[in-house]
Amino acid sequence: MKDKEIGLFGEEIAAQDLIAKGCKIIARNYRQRFGEIDIVAKAKDGLLLFIEVKTKVADRGAEMKPEDNMTPDKIRKFKKIAEFYALKYPEQVGDRGWRADVAAVYLSPEYLTEFGNNFLINYYENVF
């Protein structure tokens, strides 16, 4: 599986996990020329969530965690696109506001060959 496929696979896992937690997915891969939001979701309590998904296969550079890929530059770009989205769609922000999170998805090597629950997701809230 190529890196891009692994990334998309991690985004799907994160989206399904958010749905299982009662969130409604509003948009996937929202793009502007200056950035992208992997997942835009609405939490059960009405809070708008911007989710950046980072995925890593456990045996590929296991010394690094997926969340280690959130460099200061990536955080800056994530903040810019999140603020842009919030200003463009104030009706989605509503009274509850918004939050920017990172979903770090770890895939075990077995997950690449058979479907199962061979993954771990760590969520980091309010990353900026």
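A. Summary view of the overall build of the protein. Each helix and strand in the protein was counted, giving three helices and five strands. Taking 128 residues into account, the globule formula puts the C-alpha radius of gyration at 14 Å, and the protein, at 15 Å, falls close to it. Reported as C-alpha extents along the three principal axes, the dimensions of the protein are approximately 45 × 30 × 20 Å. Residues counted as buried form 41% of the 128 residues belonging to the protein.

B. Region of interest: the environment of Phe34. Mapping Phe34 onto the fold places it in the loop between β1 (24-32) and β2 (35-42). Along the sequence, Phe34 and Ile81 sit 47 residues apart, while their C-alpha atoms lie 7.1 Å from each other. Aside from chain neighbours lying at most four places away, what touches Phe34 is Lys77, Lys80, Ile81 and Phe84.

C. Summary view of the pattern of salt bridges. Under the definition given, this model contains nine salt bridges. The partner of Lys77 in a salt bridge is Asp73, with the nearest N and O atoms 3.7 Å apart. Placement of the pair is Lys77 and Asp73 together in helix α2 (residues 72-88), with a separation of four residues, close to one helical turn. Asp73 gets classed as partly exposed once you look at its relative accessible area, which sits at 36%. Two residues, Arg99 and Glu125, come together in a salt bridge whose shortest N-O distance is 3.5 Å. A residue pair is termed long-range when its members are at least 10 positions apart, and Arg99 in strand β4 (residues 98-107) and Glu125 in the segment after β5 (119-124) qualify at 26 residues.

Reading the values: rules and limits
Residues numbered from 1 in each chain as written. Predicted model: local features only at pLDDT ≥ 70, side-chain atom pairs only at ≥ 80, totals over all residues. Heavy atoms only, no water. Helix = DSSP H or I, 4+ residues; strand = E, 2+ residues; numbered from the N terminus. Rg over C-alpha atoms; globule rule 2.2 N^0.38 Å. Buried < 20%, exposed > 50% of the residue type's maximum accessible area, 1.4 Å probe, protein only. Contact = heavy atoms within 4.5 Å. Salt bridge = Lys/Arg side-chain N within 4 Å of Asp/Glu carboxyl O.

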